[in-house]
Structures are given as C-alpha cells and as structure tokens.
There are 2 protein chains.
Amino acid sequence: MAERRGLVLVYTGHGKGKTTAALGLVLRSLGRGLRPRVFQFIKHERAAYGEHRALAKLGVPIEGLGDGFSWRSRDLERSAELAREGWRRAAAAVGSGEWDLVVLDEVTYPLNFGWIPVAEVVEALGSRPRHVHVVLTGRDAPWELVELADTVTEMKKVKHAYDAGVPAQKGMEH
Amino acid sequence: MAERRGLVLVYTGHGKGKTTAALGLVLRSLGRGLRPRVFQFIKHERAAYGEHRALAKLGVPIEGLGDGFSWRSRDLERSAELAREGWRRAAAAVGSGEWDLVVLDEVTYPLNFGWIPVAEVVEALGSRPRHVHVVLTGRDAPWELVELADTVTEMKKVKHAYDAGVPAQKGMEH
C-alpha cells in the first residue's frame, strides 16, 4: 500500500489561481472523506464571496481572519493584531489533528509584513500530526516555507482580463 | 453596475494546480448560483477520483471523455476518436448557453496531439453565448488559445513531492 502522509503545499506567484487551487483541493479532499478547514488571512470575517457560500453549504468551516486589509488601511496595528490572533487559531487547528487538510489562504502577506514570525509557522508545520495536509497561498512565499514544503507551484501571470479593462466577474474571481 | 460577461481562462504550465484551480472555480461559481459543467479529456469515463465523488454530491456533471490515455496506450486511433467524440459533446455544451461555466480539463493534450483541430476550439469559443465562462487546462496551451483567452496563468513547478519519492496522496492529488 502506498505510504500515507500529510503534505505541505505552497501556491505562490503573481498569477491567478492560488486561492482557487486551494479551494479545488478542499473539494477533492471532501470527495475522499477527509475533513478540510479553511482560514483566510486577508478576507474579512463577514466576507461572503462565492467560496464562502459554497463551503458553508458543504459544511466546511471557512473563516476570514482579517479586516480586508489593503494598502489604504488606516490602522495597521489593528491589522497586525488580527493576523496574530488568527494565526493562533490556525496553528491550534493544524496541531489538533482534528482536520485532515488546513488551508492558510493568503498567509504570506502577514508573514511578509512581519506580523507573524515565519519561525512560528515553520515550527507549527514541523510538529504537526503526521496525517495533516497544509496548503499555504499568497505572493512571494518566504524561502523557509519553500524549503520546508513538499510541493511548490508558482502561478505566473501570462495575461489577466483586468489589464484589458474587464471587471472582476462574480462566481469566477470572487 | 459592473459589466457581466463570460471569460475564457487558461491554466497551463508544468506545475501542479491546473485541474485543481479549475475545480476551485466550479466551487466558487456554485456559491454564486451559477451552473457549472466539467469535461475531462484524459480521464476515463469510469474515473472516480476525489473530484468526481465531490461533484457528484453537489449535482455538478463531470464526464471523463478519455481512456486514461498515457504514452503506453496501445490504440492511439481509439484515443483520438474518443477525444473527437468528447469534443463534439463539450462544444455543444459551450454553445448551448445552458451552462454558465464549462471546464475543458486537460484539453491541451488532444489539441497538441492533433486529435482536435485548434481552429474548431477557437471557433466554438468565439461564437459562444456571451455569459458563458470557459476554463481550459493542460500543459503547453497552443498560442491561439493564449491569444484568445482573457486570463492565462502558467503554473510553474518549483518543487514536487513526487521527486522526493513521496507517492501521490488520495484526496490531494487524485
């Protein structure tokens, strides 16, 4: 029988498809009877995009941990504190062994802003129960994560509808 | 109100996450009340991977059009004929307007083998009803598709668990 073990997957790069690929893994894991859970580090806790509506119907917990942070945010200290609180909850979920797949969506942003120490994430991944898959997404994944991961894909933008003036479409981009 | 129109998205490249990202779009579209349908050009009609089990539960039609073609296939003529038959069904679905999102998974392989004429795909996409989103996946997307698409992402392999001797994991890779 093939060896069973949890994988660490990273979807990074500036192209489209990082969060979307993580959602696809959630769907596939459900089809195999696994228990997935999703944390989104940038999305607001009241976000209700297509993925939230669909996962709610499927009974998959999905939590926005952020305040919809953007470069126009007024209160960076508050954003940083939210990210740290969110990370504590996500780390507990990874370590608990109750979930077979934990998605840390857009986690690279609070990492790269210095709000969450990379060393804490490396420690949490390294000490997790053996069966737990973890998927991390976001641009510019820190090298420590790339080194630790089993599989890393860089999503490269070749072209994007937005650049041609096409607005984001419901059900496709959000 | 933002303009509503169907997009053509291409996920190509040699990295992981192409099919998975397409599945994520299916999930997101469901959350917005859209009607998605999936055609898989390589997978066998009796394939029952994680995505088939999950989409069946969600009532999303997913059809394997191939014979699990690999380079070891004995009967290339049969593979080619299956691809052409499958394309006729997929093209009809794209043109019907009954589906808001049609996924043509791994369609680049029969295109690049010359089994399906690229010009036919370009024609079908160009003449489709305006609201229909189409997602095409697979390595080495023909340039005609890249040119026609609204959004193109190249999935680049940075590293892959398989290269380190880790076998494919159920619920993650299939």
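All values reported here derive from a predicted model rather than from experimental measurement.

Colleague: Mind laying out the nonpolar core, listing which residues take part and the relevant values?
Modeller: In terms of nonpolar packing, the biggest core is built from 96 residues, with Val26(A), Val102(A), Val26(B), Val102(B) and Leu104(B) touching the most fellow members. Setting aside anything within four residues of it in sequence, one finds Leu104(B) in contact with Phe39(B), Phe41(B), Ala90(B), Val134(B), Val135(B) and Leu136(B).

Colleague: Provide a residue-level description of the packing of helix α1 (residues 18-31) of chain A against helix α2 (residues 50-58) of chain B, including the pertinent values.
Modeller: Two numbers describe a pair of packed helices, the interaxial angle and the distance between the axes. Their axes nearest at 7 Å, the elements α1(A) and α2(B) cross at an angle of 85°. The pairing of α1(A) with α2(B) is recorded here as roughly perpendicular in orientation. Residue-level contacts link Leu27(A), Arg28(A), Ser29(A), Leu30(A) and Gly31(A) of α1(A) to Gly50(B), Glu51(B), His52(B), Arg53(B) and Ala54(B) of α2(B). Of the residues that constitute the contact of α1(A) with α2(B), the class distribution is 3 nonpolar, 4 polar and 3 charged.

Colleague: Can you break down the interface of chain B and chain A residue by residue, with the values?
Modeller: In this assembly, 49 residues from chain B lie in contact with 49 residues from chain A. At the level of secondary structure, the elements contributing two or more residues to the side of chain B that touches chain A comprise α1 (18-31), α2 and β6 (151-159) of chain B. The element that contributes the greatest number of residues to the side of chain B that touches chain A is α1(B), accounting for 11 residues. For the side of chain B that touches chain A, the per-class residue count stands at 21 nonpolar, 14 polar and 14 charged. Of the strand pairs in this sheet, strand β6 (residues 151-159) of chain A and β6(B) are connected by 7 bridges, and their pairing is antiparallel. Each bridged residue has a counterpart across the sheet, and for Val152(A) the counterpart in β6(B) is Lys159(B).

Colleague: Describe the relation of the copies chain B and chain A, listing the residues and the values that go with them.
Modeller: Overlaying chain B with chain A gives an RMSD of 0.0 Å, the required rotation being 180° about an axis along which the chain moves by 0.0 Å. The operation mapping one copy onto its partner corresponds to a two-fold rotation axis. Same-surface contact between copies: 100% of interface residues of chain B are shared with the interface of chain A.

Colleague: Outline the sheet that holds strand β1 (residues 8-12) of chain B, supporting the account with residue identities and numerical values.
Modeller: What the 12 strands build is an open sheet, ordered β3(A)-β2(A)-β4(A)-β5(A)-β1(A)-β6(A)-β6(B)-β1(B)-β5(B)-β4(B)-β2(B)-β3(B); its pairing is mixed. Both edges of this open sheet fall to β3 (62-66) of chain A together with β3 (62-66) of chain B, since each of them pairs with a single strand only. The average undirected angle you get between the axes of adjacent strands in this sheet is 15°. Pairing analysis gives 4 bridges linking strand β4 (residues 101-105) of chain A to strand β5 (residues 133-137) of chain A, with the strands arranged parallel. Counterpart to Val102(A) in the pairing with β5(A) is Val134(A).

Colleague: Kindly report on the environment of Val102(A), identifying the contributing residues and their values.
Modeller: In this fold, Val102(A) is placed in strand β4. Distance in space between the C-alpha atoms of Val102(A) and Gly13(A) is 20 Å, their sequence separation being 89 residues.

Cut-offs applied
Residues numbered from 1 in each chain as written. Chains lettered and ligands numbered in written order. Predicted model: local features only at pLDDT ≥ 70, side-chain atom pairs only at ≥ 80, totals over all residues. Core = buried A, V, L, I, M, F, W, Y, C linked by C-beta atoms within 7 Å. Buried ≥ 20, exposed ≤ 12 C-beta atoms within 10 Å, placed from the backbone. Contact = placed C-beta atoms within 7 Å. Axes fitted to C-alpha atoms, helices over the stretch in contact; angles between N-to-C directions. Helix = DSSP H or I, 4+ residues; strand = E, 2+ residues; numbered from the N terminus. Parallel < 35°, antiparallel > 145°, perpendicular 65-115°, else oblique. Nonpolar A, V, L, I, M, F, W, Y, C, P; charged D, E, K, R; others polar. Pairing = 2+ DSSP bridges. Least-squares fit on C-alpha atoms with pLDDT ≥ 70 in both.

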